[in-house]
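Structural features, examined
Listed below are the residues making up each chain.
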Amino acid sequence: MIGTAQKIAIEKTKTSKITSVDFDNLPFGSVFSDHMLVCDYRNGAWEAPKIMPYQPISLDPSAKIFHYGQSVFEGMKAYRDKDHNIWLFRPEDNYKRLNVSSKRMAMPELPKEYFMEGLKTLLQLDRDWIPQSEGSSLYVRPFIFASGRGFHASPADEYKFIIATAPSGAYFSSGKVKVLIEETYSRAANGGVGFAKAGGNYAGQFYPTQLAVEKGYQQVIWTDDNAHEYIEEAGAMNIFVRIKDTLVTGPVSDRILDGITRKSILEIAREEGIPAEVRKLKVNEVVEAAKNGTLKEMFGAGTAAVVSPIAAFGYRGSDYDLPQLEKSYASRFKKRITDIQYNRSEDSFGWRFKV
Ligand code: PLP
Ligand code: COI
C-alpha cells in the first residue's frame, strides 16, 4: 500500500461527462473518462499521486519529451462482469514492462504500489465508465514522460506518470485486416529500443504505415532490419501463423515487444495441446505456405487488437489471401482469453486480477 504520506488525493469532477457518451458505439481510445491519475517525479523521488478531473496539462516548451522523446507507455484494459465486478488482465506484467521500458530510456523506475494502487483507485472511481457490452472495455493508458526542462540532450530531472482511460470498442474498425510485409523500412534494430514501449517506436512507424494504408493495407508487418528475411511483429501487435496445424511465432528479442497477449496464447496452446513453435519465421516460408495451401491462418495478438485474424497479406507486389476457417485457432484463443478477461470462465492460469 502507498503509505499515509503518499495517500492518493482525489479531486472529483463537478460535472460528469458520462451521459454524453454513446456506449453502444464506442470508437477506440478517443472518448475519455472523467478522471486521470497524475504523479510527479521531482528532486529524485516520486511525489504522492493525485487523481483529478481529466484535463489538459501544462508543460514548459523546453520539456525534454518534446525534443528528445523520452516517453514510455503501457496499454491495458479493464473489464466489467455481469455482477459489476471490475477486472484487469495480468496487470503486474504491464507494471514490470513499464519499468523495463523506462530503464532503457534512462527514466526513473516507478514503485509498484504507485502503479497498482493508482490503477485500483482510479478504476474504482470511474467504474461506471467501464463498458459491459461484448467487445468493449475501458482502455487504460499508463504513461511516463520527461517533463523536466532544458535543451541539453540528456535525461530530464523531472517526469510525470499519468494514467488516463478511455471506454473503447474494437481497435480495428473494419473486420478484415490486411497487412503488408515491409522490406524497405525497419521498426527496430539490434541493440535499439524495439523491445521498449517507447513513444518514438510508434512515431517511426507512422510514415511507412501511411504508405501501406495508401495501398489498401491497415498495418505493416515488420521484418528484421538486417536482411528483411524474418517476420518480426506488426505495428501494434505480435504475429502468429498457423502452418498446417502448428502455431508459429517468432522469438522475442531486443527488437520485439514481449507481448502479454502473445505469451498468454502460447500458454493456452501448451495447455490445450496445440502444437506451438517459437522460432525464427522466414518470410519465404510464409509465402511458400500461402502458395501451397499449408498456411491456414495468420493473426495478430495484443491488448488493443485482442486476437485479430488477418484476411490477407501483401508481399513484393502480390496479395495472398488467407482461408476463412470455421474453426480457427484465432477464434479459439480469442474466446479463451476474453472469457477469462470478462470473468465468464474459470481462470486456471491466475491471470484475472480483481480491482
Ligand atoms: N507489439 C507492439 C509493437 C505493441 O504495441 C503491442 C501492444 O501493446 C503488442 C505487440 C502486444 O502487446 P500486449 O499483448 O502486451 O498488448
Ligand atoms: C495496446 O495494445 O495496448 C497498445 O499499446 C497498442 C497501441 C499502439 C494501441
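Residues numbered from 1 in each chain as written. Chains lettered and ligands numbered in written order. Predicted model: local features only at pLDDT ≥ 70, side-chain atom pairs only at ≥ 80, totals over all residues.

When its secondary structure is counted, the protein shows seven helices and 19 strands. Here the C-alpha radius of gyration of the protein, 21 Å, is about what a compact globule of 355 residues would show, namely 20 Å. Counting only C-alpha atoms and orienting by the principal axes, one finds that the protein spans roughly 65 × 50 × 35 Å. Within the protein, buried positions represent 40% of all 355 residues. Long-range contacts, defined here as pairs at least 24 residues apart, represent 72% of the contacts in the protein between residues at least 6 apart. (Helix = DSSP H or I, 4+ residues; strand = E, 2+ residues; numbered from the N terminus. Rg over C-alpha atoms; globule rule 2.2 N^0.38 Å. Buried ≥ 20, exposed ≤ 12 C-beta atoms within 10 Å, placed from the backbone. Contact = placed C-beta atoms within 7 Å.)

Right, let's get into the domain arrangement of the protein. For the protein, the assigned domains read domain 1 (5–168) and domain 2 (177–343). On a C-alpha basis, the centroid separation for the pair domain 1 and domain 2 is 27 Å. Its residues assigned to classes, the side of domain 1 that touches domain 2 comprises 10 nonpolar, six polar and seven charged. (Domains from an automatic or database assignment. Nonpolar A, V, L, I, M, F, W, Y, C, P; charged D, E, K, R; others polar.)

Along helix H6 (residues 283–292), the residues classified as buried are Val283, Val286 and Ala290. Buried residues of H6 fall within an arc of 65 degrees about the axis and therefore sit on the same side. Residues Asn284, Lys291 and Asn292 are exposed on H6 and point more than 90 degrees away from its buried face. A positive phi of about 85 degrees marks Gly293, the residue just after H6. (Arc of directions from axis to C-beta.)

A separate point is the pairing of strand S7 (residues 86–89). Pairing analysis gives three bridges linking strand S6 (residues 76–80) to S7, with the strands arranged antiparallel. By the bridge assignment for S7, Tyr79 is matched with Trp87. Between S6 and S7, which pair antiparallel and follow one another directly, the connecting turn spans five residues, one of which, His84, has a positive phi of 70 degrees. Bridge count between S7 and strand S19 (residues 352–354): three bridges; the pairing is antiparallel. When the bridges of S19 are listed, Trp87 appears paired with Lys354. (Pairing = 2+ DSSP bridges.)

A few words on the environment of Ile130. Along the chain, Ile130 turns up in the loop between helix H3 (112–125) and strand S8 (137–146). With 37 residues separating them along the chain, Ile130 and Pro167 place their C-alpha atoms 6.2 Å apart.

Here the focus is the environment of Ser308. Note on placement: Ser308 falls in strand S17 (residues 306–315). In this structure, the C-alpha to C-alpha distance between Ser308 and Ser253, residues 55 residues apart in sequence, is 22 Å. Not counting residues within four places of it along the chain, the set of residues in contact with Ser308 comprises Phe172, Val177, Met237, Phe299 and Gly300.

The next point concerns the environment of Phe145. Relative to the elements of secondary structure, Phe145 occurs in strand S8. Phe145 gets classed as buried once you count the C-beta atoms within 10 Å, which come to 23. In this structure, the C-alpha to C-alpha distance between Phe145 and Phe66, residues 79 residues apart in sequence, is 9.6 Å.

Taken together, 13 residues are adjacent to ligand 1, and Gly259, Ile260, Thr261, Gly302 and Thr303 come closest. Taken together, the elements giving at least two residues each to the shell around ligand 1 come down to helix H5 (260–272) and strand S16 (295–302). Grouping the amino acids of the shell around ligand 1 by side-chain chemistry returns five nonpolar, six polar and two charged. (Near = placed C-beta within 6 Å.)

Time to look at the nonpolar core. Formed by 78 residues in total, the largest nonpolar core has its most connected members in Ala78, Tyr159, Val179, Ile221 and Phe240. Beyond its immediate stretch of four places on either side in the chain, Ala78 contacts Ile86, Trp87, Leu88, Leu123, Ile130, Ser137, Leu138, Val140 and Val355. (Core = buried A, V, L, I, M, F, W, Y, C linked by C-beta atoms within 7 Å.)

UniProt's entry tags Lys197 with the feature "modified residue: N6-(pyridoxal phosphate)lysine" (unreviewed entry), counted in the numbering of this structure. Checked against the element boundaries, Lys197 lands in the loop between strand S10 (177–181) and helix H4 (199–214). Look at Lys197 and you get buried, because 23 C-beta atoms sit within 10 Å. Ignoring anything within four residues of it in the chain, the contact list for Lys197 reads Val72, Phe73, Glu74, Arg97, Ser101 and Leu257. (UniProt positions renumbered as here; feature names shortened; annotations may be inferred.)

Attention shifts here to unusual backbone geometry. A positive phi angle, close to 50 degrees, is found at Lys244, a residue other than glycine. In this structure, Lys244 sits in the loop between strand S13 (238–243) and strand S14 (246–249). A count of 10 C-beta atoms within 10 Å places Lys244 in the exposed class. The backbone phi angle of Arg316 is positive, close to 50 degrees, even though this residue is not glycine. Following the sequence through the fold, Arg316 ends up in the loop between S17 and strand S18 (318–321). The exposure class assigned to Arg316 is exposed, which follows from the 8 C-beta atoms found within 10 Å.

This part takes up the pairing of strand S11 (residues 219–223). Taking burial as the measure, the five residues of S11 include five buried ones, the bulk of the element. Crossover handedness for the path S10 to H4 to S11: right-handed. Of the pairings in the sheet, the one linking S11 to strand S12 (residues 231–234) comprises two bridges and is antiparallel in character. From the neighbouring strand, Ile221 faces S12, where its bridge partner is Ala234. (Right-handed = clockwise from strand over helix to strand, strands pointing away.)

Okay, the site of ligand 2 next. Contacts to ligand 2 come from Gly75, Tyr202, Ala236, Gly302, Thr303 and Ala304. A per-class count over the shell around ligand 2 returns three nonpolar, three polar and no charged.

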